[in-house]
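Single-letter residue listing:
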Amino acid sequence: MHKKYGPIIRIAPGELHISDAIVVQGQRLTGMGNHKQNFYDTIYASSSAPRRVDKDPLFTRFSGLDNCVFSTVQHELHSQRRAALSLYFSMANVRRLQPVIQERLGVMMRRIDEFRDSDKVLNVSCMFSALGNDVVNIYSFARCDHKLESPDFDPSSRDGALAGLKSIHWVKHVPWIHGVVKALPETVVRRIQPGLAEFLAQQRTSRLQVESIMTGENEGWRDREHQTIFHAILDSKHLPQNEKTAERLSQEAQVLVMAGTLTTATILELITFWLLRQPETLRRLKQELRSAMPSAAPADMDAVPLAALQALPYLTAVIKEGLRLGYGLSTRSQRVDPDNPIVFVDRETGRRTVIPPNTPVSITSVAAHRDEALFPRSELFVPDRWRGEGAKRLDRYLTSFSRGSRNCLGMNLAYGELYLTLARIWRVWASREATGPDDVGVFELFETGPRDVEMGADYFIPTPQRGSMGIRVKVYGGVA
């Protein structure tokens, strides 16, 4: 549609979508004059911007989780709810969480070794989801379901979250259906739609976890060196008591667990695929990791601080390119300025379009990340685009975590998991074409191709084509 009608189109009676995120002349008609900036940052304004940023209610009511931070429509209420959570997702707190992530990574590495030289196929999509689920549960509730220890990595949480997301396009038009489904016996729902039954089971589990903390039954946090999220929220001075109900906090909990189970895992599996498809990329990454981690002993690798890994340029480039092709959210994430019009200026024709107040507007990450003017050969995995002269400006258009006052709360936790996981795996594992002197074995893709990482559908997050079984590998010992 954008190719035919231009960079700004009406995609619903009251909604606009813009495909052009490149620096243009954006103008708010508030007497403040013109300002030249990335138009993405005009729509997805920061908390320091002199304007309110609401959400479109139609966009937020698709999951029956209307009272969590993500779904909060009104600007001031969102700011209040977010303030109670944001401290626990700072990079400083994530770095303090490094031992927790590393303990889970140790389990993951032992599980990988179980597949070595066997007839079993390792589904890394399920494995990475299990890792994310274990970590987010420990950080949120001081408990763990030990999905990594499960023989098949217990994909129930992953499957349930995906089933819930696959209903978004019709449920947001009939949001009352959630109440109907929740009222049905679980056996009926499981017969009709097993995945949706698992999604509803997650809702019940989240509520039980929150209630166990509220009643003092869950005291696992006392043995933790890090503060757990929901114990801290209940003590938060940012929230009044009416914001600390079990119902609202259980919605917050389910969103955090869903995001922790799916989003980082999606990027890890995509990067795994491309590293195994591109030996030279993997070879360069392993060379850099060997320089940062001279010893491949687990204890020595764990001793390397997260901050040191974050300073590695090629690992950072690999992660950024994975985030670009993974998109983050693939769906429209509208923003609404309830007070001011906004002017969009077409950078090619100079035509000005005045967007009235209260108009939902979005720029999807898919549109930004596949813009050939920004990312030539955008369909390819090219980490080098994030290095060298001019690469820094591309950071402005990496929108996997959105931006502004409503960006992804878990961004720093996701980055921490990405750096630690990729470094731990690829320091000692390889492909046959990119082996190193102290590697313990190699991965080979098994019945896996580009269709398993390319977006086949938009179900809030990018979903592979129907029939995909995830990223699967065979594991072999010896690298001679």
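Residues numbered from 1 in each chain as written. Predicted model: local features only at pLDDT ≥ 70, side-chain atom pairs only at ≥ 80, totals over all residues. Heavy atoms only, no water.

**Here's the deal with the confidence of the model for the protein**
- Per-chain confidence: the protein averages 88 in pLDDT, with 93% of residues scoring 70 or above.
- Segment residues 23-36 is flagged for pLDDT under 50; beyond a separation of four residues in sequence, or across chains, it makes 37 contacts in the model. (pLDDT = per-residue confidence, 0-100. Contact = heavy atoms within 4.5 Å.)

**Some remarks on unusual backbone geometry**
- Phi is positive for Asn358, which is not a glycine, with a value near 65°.
- Topologically, Asn358 is positioned in the loop between β7 (352-355) and β8 (361-362).
- Phi is positive for Ser402, which is not a glycine, with a value near 60°.
- By the secondary structure assignment, Ser402 is in the loop between α19 (365-369) and α20 (411-428). (Helix = DSSP H or I, 4+ residues; strand = E, 2+ residues; numbered from the N terminus.)

**Re a nonpolar patch on the surface**
- On the surface, Trp176, Val180, Leu184 and Ile192 cluster together into a nonpolar patch covering about 430 Å² of accessible area.
- If you trace the backbone, Leu184 turns up in the loop between α10 (177-183) and α11 (186-192).
- For Leu184, a relative accessible area of 37% corresponds to the partly exposed category. (Patch = residues over 30% accessible without salt bridge, like charges linked within 9 Å, V, L, I, M, F, W, Y side chains within 5 Å. Areas by Shrake-Rupley, 256 points an atom, 1.4 Å probe, with all protein chains shown as cover. Salt bridge = Lys/Arg side-chain N within 4 Å of Asp/Glu carboxyl O. Buried < 20%, exposed > 50% of the residue type's maximum accessible area, 1.4 Å probe, protein only.)

**Some points on empty space enclosed by the protein**
- Enumeration over the complete set of coordinates arrives at 7 cavities of 30 Å³ or more.
- What the largest cavity holds in volume is close to 930 Å³.
- As for the largest cavity, its lining consists of 47 residues, of which Phe70, Val255, Ala259, Thr263 and Cys408 are closest to the centre.
- Contributing elements (two or more residues each) for the lining of the largest cavity: α4 (75-86), α8 (156-165), α14 (246-277), α18 (313-326), α20 and β12 (461-463). (1 Å grid on protein atoms, 1.4 Å probe; cavity = no way out; pocket = protein on both sides within 12 Å on 5 of 7 lines; lining within 4 Å. Points joined across faces, edges and corners; volume = space filled by probe spheres on them.)

**Structural notes on the sheet that holds strand β1 (residues 8-12)**
- Strand order across the open sheet formed by 3 strands is β1-β2-β8, with mixed pairing between neighbours. One side of each edge strand has no neighbouring strand; the edge strands of this open sheet are β1 and β8.
- Direction of pairing for strand β2 (residues 15-18) relative to β8: parallel, over a ladder of 2 bridges. Bridging from a neighbouring strand, Leu16 pairs with Val361 of β8. (Pairing = 2+ DSSP bridges.)

**Observations concerning the sheet that holds strand β10 (residues 441-445)**
- Taken in spatial order, the 4 strands make up an open sheet running β5-β13-β10-β9, and their pairing is mixed. A strand with exactly one partner marks an edge of an open sheet, and here the two such strands are β5 (122-123) and β9 (429-430).
- Of the strand pairs in this sheet, β10 and strand β13 (residues 472-477) are connected by 5 bridges, and their pairing is antiparallel. Bridge pairing in β13 places Leu445 opposite Val473.
- Each of β9, β10 and β13 is contacted by α14, which is oriented at about 100° to β10, the strand it contacts most. (Axes fitted to C-alpha atoms, helices over the stretch in contact; angles between N-to-C directions.)

**Digging into the pairing of β7**
- Inspection of the sheet shows strand β6 (residues 342-345) paired to β7 by 4 bridges, in the antiparallel sense. Its bridge partner lying in β7, Phe344 is registered against Thr353.
- Between β6 and β7, which follow one another and run antiparallel, lie 6 residues, and Gly350 among them has a positive phi close to 80°.

**Here we look at the nonpolar core**
- Counting 94 residues, the largest nonpolar core has Met108, Phe230 and Trp426 as its most contacted members.
- A total of 13 residues in this core trace back to one element, the largest contributor, which is α14.
- Discounting chain neighbours no more than four positions away, the residues touching Phe230 are Ser140, Phe141, Val210, Ile213, Leu249, Glu252, Ala253 and Leu256.
- One finds Val171, Ala197, Phe199 and Leu200 within the second-largest nonpolar core, a separate group that totals 17 residues. (Core = buried A, V, L, I, M, F, W, Y, C linked by side-chain atoms within 4.5 Å.)

**Notes on α20**
- Along its 18 residues, α20 runs 27 Å from first to last C-alpha, staying within 8% of the 26 Å computed at 1.5 Å per residue.
- Counting buried residues in α20 gives 17 out of 18 residues, a clear majority hidden from the surface. (Expected span 1.5 Å × (residues − 1).)

**A short note on the pairing of β2**
- Taking every second residue as pointing to the same face, both faces of β2 are buried, with Glu15 and His17 on one and Leu16 and Ile18 on the other.
- Connecting β1 to the next strand, β2, in antiparallel fashion are 2 residues.

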